[in-house]
Amino acid sequence: MKLGVVMDPIGSINFKKDSTLPILLEAQSRDHDLFYMEPKSLYLKEDGAYALTQSIKVEDNPQNWFELNKSSEIPLSELDIIIMRQDPPFDINYIYNTYVLETAEREGVLIVNKPSSLRDCNEKVFTTEFPECCTNFLVTSNKELLKDFIQNHKDTVIKPLGGMGGSSIFRVRTIDSNISVIIENMTKDGSEKVMIQKYIPEITEGDKRILLIDGCPMGGAIARVPAEGELRGNLAAGATAVAKPLTDKDKWICDQVGPKLKKLGLVLVGLDVIGNYLTEINITSPTCFQEYKDLCDIDVAIELLNNLEGKIS
């Protein structure tokens, strides 16, 4: 098949950590034709969706992992599948790209993940559709409501709705003297909504990433254990990856969330679970493929390609 991938510049990826490269390597091993597109290369014309694409060859080589051919314009309808792997921030240009991909979808291309769902399902707010899986939370820009939440729950975590990699996450307690300053900065003086959650002490045991394909979880999880003195269980923030089996609670959370993911066309998703609670649903470009392979002996790229091939066969 002809498989396109929309991703940030491939030359700047972290070879040891990147999760898009394993997808490309697996697809290439199956003799699929690969087409590389950067986010800025997508566009619309009167007769449909187009992109400036480059055919690409990839290698499992930390010194030289890709080779690109000359750029050429193609209608996206020539491709069988496009995998959207553009990293956040989820800004207006990201949304514009989903419009282009949605046009390609109407033209018969399978887009992973579904463009309308990428737009509709904010990775933090989407969790609120499953309150039975979550700790206490509030989404607001109101300063007084946020202060009341902190007073009621004593120990909380506040984070922006569009962040990634643990950026701008604060632990806020009633004993803190700078609560007002944090809230003012996080909400941009009350103009931007944030999410605040009750602090989950089990973060010290790791923020578990559970990857799902078509709503079905892989047979294990990767716990990102925060560095000493750190709150954030993100590999980008210095956390250490540790393999964990799925607990009964993990499986229950997957059972609650999985059917909705499949219904919305969210083929590749990463759930973040701390203790017994769902904290985020990652749909833009879920990671940890390398960690799953190295620590759990699970090759997520193989599972994903098997699934995608089944969809277009």
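That block above? That's the structure.
This text gives an overview of the structure that appears in the document. (Residues numbered from 1 in each chain as written. Predicted model: local features only at pLDDT ≥ 70, side-chain atom pairs only at ≥ 80, totals over all residues. Heavy atoms only, no water.)

1. A closer look at the overall build of the chain
Note the cut-off: Secondary structure is summarised from DSSP: a helix means a run of H or I of at least four residues, a strand means a run of E of at least two, and numbering begins at the N terminus for each. Note on method: radius of gyration uses C-alpha positions; expected globular size equals 2.2 Å times residues raised to 0.38. Classification of residues uses two cut-offs on accessible area relative to the type maximum, computed with a 1.4 Å probe and protein chains only: under 20% is buried, over 50% is exposed, and between them is partly exposed. A contact between two residues is defined here by any heavy atoms of the two lying within 4.5 Å. Computed with a 1.4 Å probe, the accessible areas rest on the Shrake-Rupley method; for each residue, only the protein chains presented here act as cover. By the counting rule applied here, Lys and Arg register as positive and Asp and Glu as negative, while His and the ends of each chain are not counted. Charged side chains are reduced to one point each, which is NZ for Lys, CZ for Arg, CG for Asp and CD for Glu.
Along the chain, the regular secondary structure elements total eight helices and 18 strands. Its C-alpha atoms give the chain a radius of gyration of 20 Å, near enough to 20 Å, the size a compact globule of 313 residues would have. Projected onto its principal axes, the C-alpha positions of the chain cover 60 × 45 × 40 Å. For the chain, with 313 residues in total, the buried portion stands at 50%. Counting only contacts in the chain whose residues sit at least 6 apart along the sequence, the fraction spanning at least 24 positions is 66%. Total accessible area computed for the chain in this model is approximately 14,300 Å², and 47% of it derives from carbon and sulfur atoms. Across the chain, the 34 positively charged side chains and the 47 negatively charged ones have centroids separated by 4 Å.

2. Here we look at the packing of aromatic side chains
The following threshold applies: Aromatic pairs are defined between Phe, Tyr and Trp rings, using the six-membered ring for Trp, whenever the two ring centres lie within 6.5 Å; interplanar angles under 30 degrees are classed as stacked, those over 60 as edge-to-face, and all others as tilted.
Taken as a whole, this structure holds six aromatic pairs when the rule is applied. With 5.7 Å between their ring centres and 40 degrees between their planes, Phe15 and Trp65 make a pair best called tilted. Of this pair, Phe15 sits in the loop between β1 (2-6) and α1 (20-29) while Trp65 is found in the loop between β4 (48-58) and β5 (66-68), placing the two residues 50 residues apart along the sequence. A single burial state applies to Phe15 and to Trp65, both of which are buried. Seen from their ring centres, Tyr96 and Tyr99 are 6.4 Å apart, and the 35 degrees between their planes marks the pair as tilted. Of the two residues, Tyr96 and Tyr99 are both situated in helix α2 (residues 92-106); the distance of three residues between them amounts to about one turn of the helix.

3. Observations regarding helix α6 (residues 248-263)
Our working rule: Any helix carries an expected span of 1.5 Å times its number of residues minus one. Axes are fitted to the seven residues ending at a residue and to the seven starting at it; the angle between these axes is taken as the bend at that residue.
Taking 1.5 Å of rise per residue, the 16 residues of α6 would be expected to cover 22 Å, and the 23 Å separating its terminal C-alpha atoms lies within 8% of that figure. Residue Val257 marks the point of greatest curvature in α6, where the axis turns by about 35 degrees; the proline Pro259 follows within four residues. Those residues of α6 lying buried are Asp250, Ile253, Cys254, Val257, Gly258 and Leu261. On its buried face, α6 sits against β13 (207-213), β14 (216-217), β17 (268-274) and β18 (277-282). Downstream of α6 by a residue or two, Gly265 has a phi angle that is positive, lying close to 75 degrees.

4. Side note on the side chain of Thr135
Residue position: Thr135 is located in the loop between α3 (115-120) and β9 (137-140). Given the relative accessible area of 8%, Thr135 is considered buried.

5. Examining the sheet that holds β9
For the record, the criterion: Strands are labelled as partners when DSSP assigns at least two bridges between them. Comment: axis = line fitted to C-alpha atoms, over the contacting stretch for helices; angle = value between 0 and 180 degrees taken between N-to-C directions.
The sheet built from four strands is open, its strands ordered β9-β12-β10-β11 with antiparallel pairing. Strands with a single pairing partner mark the edges of an open sheet, and in this sheet they are β9 and β11 (170-173). The average undirected angle you get between the axes of adjacent strands in this sheet is 25 degrees. Bridging between β9 and strand β12 (residues 194-198) involves four bridges; their strand directions are antiparallel. Each bridged residue has a counterpart across the sheet, and for Val139 the counterpart in β12 is Met195. Lying over the sheet, helix α4 (residues 143-153) contacts β9, β10 (155-160), β11 and β12, oriented at roughly 10 degrees with respect to β12. Packing against the sheet, helix α5 (residues 179-186) makes contact with β10, β11 and β12, and its axis sits at approximately 140 degrees to β11.

6. What about the packing of α4 against α5?
Packed helix pairs are characterised by how far apart their axes lie and by the angle those axes make with each other. Note the following rule: Angle categories are assigned with fixed cut-offs, so that under 35 degrees is roughly parallel, over 145 is roughly antiparallel, 65 to 115 is roughly perpendicular, and the rest are oblique. In this scheme the handedness of a crossing depends on how the near helix is turned from the far one: anticlockwise by less than a right angle means left-handed, clockwise means right-handed. As a working rule, the residues Ala, Val, Leu, Ile, Met, Phe, Trp, Tyr, Cys and Pro are called nonpolar, Asp, Glu, Lys and Arg charged, and the rest polar, with Gly in that last group.
One way to put it is that α4 packs onto α5 with a least axis distance of 10 Å and a crossing angle of 130 degrees. If you check the angle between α4 and α5, you find them oblique. Between α4 and α5 lies a crossing of right-handed hand. Seen from α4, the contacting residues are Lys143, Leu146, Lys147 and Ile150; seen from α5, they are Ile179, Ser180, Ile183 and Glu184. Split into classes, the residues belonging to the contact of α4 with α5 amount to four nonpolar, one polar and three charged.

7. Regarding α2
If you check α2, its first and last C-alpha atoms are 21 Å apart, about what 15 residues at 1.5 Å a residue would give, namely 21 Å. Within α2 the residues assigned to the buried category are Tyr94, Asn97, Thr98, Val100, Leu101, Glu102, Thr103 and Ala104. Phi for Gly108, located one or two positions after α2, is positive at around 105 degrees.

8. Comments concerning the pattern of salt bridges
This is how it is decided: Any Lys or Arg side-chain nitrogen located within 4 Å of an Asp or Glu carboxyl oxygen qualifies as a salt bridge.
All chains considered together, the criterion is met by 18 salt bridges. Of the charged contacts in the structure, one is a salt bridge between Lys159 and Glu280, with a shortest N-O distance of 3.3 Å. With Lys159 in strand β10 and Glu280 in strand β18, the pair connects residues that are 121 residues apart, well separated along the chain. Residue Lys159 shares its accessibility class with Glu280, and that shared class is buried. We note a salt bridge from Lys188 to Glu192, for which the minimum N-O separation is 3.7 Å. By relative accessible area, Glu192 is classed as partly exposed at 34%. Salt bridges sharing partners connect three or more residues here, namely Asp207, Arg209, Arg224 and Asp272.

Purely geometric numbers; function is a separate question.
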